[in-house]
Amino acid sequence: MSPSPASQGAPLGDLQNAIDLALFGALGDLAMRKLFPALYHLDREGLMPESTRILGLARHEHDVAEFRQLVNSALQKRLKKDEQDKESLTRFLNRLDYLKLDFTSFEGFDAVRQWREGSPRPMVVYLSVGAKIYGDICRNLQASGSLDDATRVVVEKPIGFDLASSEEINDAIGDVFPESRIYRIDHYLGKETVQNLIALRFANPLFGTQWNQNHISHVEITVAEKVGIEGRWGYFDEAGQLRDMVQNHLLQLLCLIAMDPPSNLDADAIRDEKVKVLKALKPFTGEALGRDVVRGQYMAGTSDGQQVPGYLEEEGANTESQTETFVAMKTEVANWRWAGVPFYLRTGKRMPEKLSQIVIHFRQQPHYIFDPDQRGIAANKLIIRLQPEEGIALQVLTKDSGLDKGMRLRPGPLHLDFNNAFPKSRIPDAYERLLLEVMKGQQYLFVRRDEVEHAWRWCDQLIDGWNARETPPRRYPAGSWGPVASIAMITQDGRSWYEDY
Ligand code: BG6
C-alpha cells in the first residue's frame, strides 16, 4: 500500500522525492506540450529536489545540447512570459540528458543501465509512447538490468482498444512491474477541481447527508471540446469518442461523484470504492441502446466565427467513416445510493465551447408554499466547473429583492471561483500534480488495473450493441451542442442540459 496522501505534510522538495526520470517518447507531442512544461513548473516552484535528473529517450539522433535546445523552444512556446526566468530555465535544462534509442530492440538499453549506475534515487520510467510497445520497453529495461525494486512505471491512456487488448497490455507491464509500482495516468484526475470533488464530498457534512437518491434527482456530466481532430484522424478514427473520452475521463468523473466514502485516503481505499461504482453501472441492453444513447459525428460548420470542415473532410479522412465524435447517454448506477437517479453524460468534439462541468440536481422541496406559477423554478443545483474557469457554484433560491416583488423567488449562485478565491495560487496543470505524485510515490490519483478493465467491460457491451445494430452516427453541425436527439433524450424525461455557460 502506498503512503496516504493525508500524510503529505512533509516539506515539498524533500530529498526523498528525488528521482531519475527516464522519459520514453521525449520528442513527442505530449512531452513537449505537457510534460516538460509541467516538470519545469515543479522545478521552478522548488518541488523538484536538486539531484533529480531527466533522461529523454527518442529515436532521433541528437546530442544533449540539441535536445536541450528543443525542450527550451517548446518551453518558450508554452510558458507565459512571467513564468520564464533565466535562472529556473537554466537549472531545469541542465538536468536533461538525451539518449537515442530504438525502443523495440534490446540493443542500446544497456545505456539506460549505465545512466542509472550508482544512482541512489529510484528510477521513474515514463512511457509517453503507443501502448502497443509498453511491453517491449518494460522487457528490454528488465533484461538490460536497468530496473530495481524501487522503479516505478508511468503509462498513458489509452490502455488498449477493448477489454482483451487492455488485458494483454496490462499483462505485459505486469510481468515486469507489480501493481504497486504502476501509475496509469488519466490526466483528469490531476485537475484541481477533480481532486476538490473528494474534498467537497467527504469534508463537508452538508453534502455527505444529501448525496443519494433521496435528495438528488439527477446528475449531468458534460465534457465538451471546441477543437476537432487536430491532425490525429488516424488514431481518433479507430477509437471514437466513447473510447477516447468516456471509457476513461467521464467514467472517472462519474466514479468520483457516485462512489461511497472511502475509509481513508489511501490509494486502494479510494480505488476500491471506484471499482464498486464501475461494477454497478447498468449495461445498455435491448431498447435502452436506441433510447438512452446517442452517437454523433460533426459536419462542416462554424467555430469562433470561422468555417470549419466536417469530420469526413478533415485531412487524412476516410469519407465512409462511421466513427462517433459525440456521445450522449443516460446511465444508472444500480445500487442503494443511486437507484433510479439518471446520470446523463455527454462529450463531443467541435462543440460551441470548451466546457467540462458536472451538475448535481437536487430534488424539489417535498411541500411547496410559494407562488404556484413559480413551482417549475429549478431546485438547488451544485455546479462543479472543471474548465474553463475552475470553480464550484451552489445555486440556491432566494427572495427577489424590492418592495414590489412580494415573496417571489429568484435563483442565484453561491460562487467559489478558484482564481478569485485563492488569487495567489496558480492553478497547476493536471500533469504537474500527477508528476509530483509519481515523484512522491503516491498512487491515489492513478488508475488501478481493475478500474481500467471494468470500464472496458462496460464500454465493450455498448460498442458490441452498436456494431450489431449498424446504426450510423447522427450528424451535427460543427459549433453546435450535438445531434438534436441528444437534447430529446433528456427532454423526454422532463429535464434539460444545464445551460448557464
Ligand atoms: C485526451 C483525449 O485524453 O483528452 C483528447 O485523447 C482530448 O481527444 C483531451 O482532446 C481533452 O483533455 P482536456 O484536458 O483538454 O479536457
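Residues numbered from 1 in each chain as written. Predicted model: local features only at pLDDT ≥ 70, side-chain atom pairs only at ≥ 80, totals over all residues. Heavy atoms only, no water.

**Things to note about the overall build of the protein**
A tally of regular secondary structure across the protein gives 15 helices and 17 strands. In the protein, buried positions account for 55% of the 501 residues. Considering only residue pairs separated by 6 or more positions, the protein has 78% of its internal contacts joining residues 24 or more positions apart. Just so you have it, the protein exposes about 22,300 Å², and 51% of that area is on carbon and sulfur atoms. Averaged over its 60 positive side-chain charges, the protein has a centre that lies 4 Å from the centre of its 70 negative ones. (Helix = DSSP H or I, 4+ residues; strand = E, 2+ residues; numbered from the N terminus. Buried < 20%, exposed > 50% of the residue type's maximum accessible area, 1.4 Å probe, protein only. Contact = heavy atoms within 4.5 Å. Areas by Shrake-Rupley, 256 points an atom, 1.4 Å probe, with all protein chains shown as cover. Lys, Arg positive; Asp, Glu negative; His and termini not counted. Charge placed at Lys NZ, Arg CZ, Asp CG, Glu CD.)

**Section: the side chain of E453**
Mapped onto the fold, E453 is located in helix α14 (residues 449–469). Within polar-contact distance, the side chain of E453 engages the side chain of N170 at 3.3 Å. When residues no more than four places from it in sequence are discounted, the contact partners of E453 are L163, S166, E167 and N170. (Polar contact = N/O pair within 3.5 Å; in protein donor to acceptor, adjacent residues only side chain to side chain.)

**Things to note about unusual backbone geometry**
A cis amide bond links K157 with the next residue in sequence, P158, at an omega value of -5°. Structurally, the position occupied by P158 is in the loop between β5 (152–155) and α6 (163–174). A positive phi angle, close to 50°, is found at D304, a residue other than glycine. Here D304 lies in the loop between β9 (301–303) and β10 (306–308). Given a relative accessible area of 61%, D304 falls into the exposed group. Here R350, not a glycine, exhibits a phi torsion of approximately 60°, which is positive.

**Notes on the sheet that holds β5**
Read across the open sheet, the 6 strands follow the order β3-β2-β1-β4-β5-β6; overall the sheet is parallel. For this open sheet the edge positions go to β3 (96–100) and β6 (182–184), each flanked by a neighbour on one side alone. Taking the axes of each pair of neighbouring strands and ignoring which way they run, one obtains an average angle of 20° across the sheet. Relative to strand β4 (residues 123–127), strand β1 (residues 20–24) runs parallel, the two sharing 5 bridges. Counted as the bridge partner of L23 is Y126 from β4. (Pairing = 2+ DSSP bridges. Axes fitted to C-alpha atoms, helices over the stretch in contact; angles between N-to-C directions.)

**Remarks on the sheet that holds strand β14 (residues 381–387)**
Pairing within the open sheet is mixed, and its 9 strands lie in the order β16-β15-β14-β13-β7-β12-β11-β8-β17. Strand pairing shows two members of the sheet lacking a second neighbour, β16 (409–417) and β17 (474–477), which therefore form its edges. Between one strand and the next, the sheet's axes are offset by a mean angle of 20°, whatever the strand orientation. Across 8 bridges, strand β7 (residues 216–224) lies against strand β13 (residues 355–362) in antiparallel orientation. Within β13, the residue paired with I216 across the bridge is F362. Across the sheet, helix α9 (residues 233–258) is in contact with β7, β11 (326–331), β12 (343–348), β13 and β14; its angle to β12 comes to roughly 145°. Along the sheet, α14 contacts β8 (293–299) and β11; its crossing angle with β11, the most-contacted strand, is approximately 110°.

**What to know about the UniProt feature "active site" (unreviewed entry) in the protein**
Per the UniProt record, "active site" (unreviewed entry) is annotated on H249. By the element assignment, H249 lies in helix α9. Sequence-distant contacts of H249, that is, excluding residues within four places in its chain, are made with K157, D186, H187, Y188 and D244. (UniProt positions renumbered as here; feature names shortened; annotations may be inferred.)

**Here's the deal with the site of the ligand**
Taken together, K157, H187, Y188, K191, E225, R232, D244, M245, H249, K349, K354 and Q387 form the complete shell of residues around the ligand. K157 places a side-chain nitrogen or oxygen 2.6 Å from an oxygen atom of the ligand. In this structure, K349 approaches the ligand through a side-chain N or O atom, which is 2.8 Å from an oxygen atom. Compared with its free state, where it exposes 400 Å², the ligand has 81% of that area covered by protein. Considering only residue class, the shell around the ligand consists of 2 nonpolar, 3 polar and 7 charged. (Near = heavy atom within 4 Å. Nonpolar A, V, L, I, M, F, W, Y, C, P; charged D, E, K, R; others polar.)

**Let's talk about the pairing of β1**
For a regular strand, the rule is simple: side chains alternate between the two faces of the sheet. Among the 5 residues in β1, 5 count as buried, and that is most of the element. Bridge count between β1 and strand β2 (residues 53–58): 5 bridges; the pairing is parallel. From the neighbouring strand, A22 faces β2, where its bridge partner is L55.

**Focus: the UniProt feature "binding site: NADP(+)" (unreviewed entry) in the protein**
The feature "binding site: NADP(+)" (unreviewed entry), as annotated in UniProt, sits at R59, D102, F103 and K157 in this numbering. Turning to its location among the elements, R59 is positioned in the loop between β2 and α2 (64–78). Every residue in contact with R59, bar those within four places of it in the chain, is listed here: Y98, K100, L101 and D102. Within the fold, F103 resides in the loop between β3 and α4 (110–116). Taking relative accessible area as the criterion, F103 reaches 4% and is therefore assigned buried.

**A short note on the packing of α2 against helix α3 (residues 86–93)**
With their axes 10 Å apart at the nearest point, α2 and α3 run at an angle of 140° to one another. The angle between α2 and α3 falls in the class oblique. In this structure, the crossing between α2 and α3 has a hand that is right-handed. For the pair α2 and α3, the contacting residues are R68, V71, N72, L75 and Q76 in the first and L89, F92 and L93 in the second. (Parallel < 35°, antiparallel > 145°, perpendicular 65-115°, else oblique. Left-handed = near helix turned anticlockwise from the far one by under 90°.)

**A look at the environment of S73**
The residue S73 is located in helix α2 in this model. The spacing of S73 and M32 is 41 residues in sequence and 9.2 Å in space, taken between C-alpha atoms.

**Comments concerning the packing of helix α10 (residues 267–280) against α14**
The axes of two packed helices give the description: the angle between them and the distance between them. It is the contact of α10 with α14, at a shortest axis distance of 9 Å, that shows an interaxial angle of 10°. The angle between α10 and α14 places the two elements in the roughly parallel class. The segment α10 lies against α14, with R271, K274, V275, L278 and K279 engaging D450, E451, H454 and A455.

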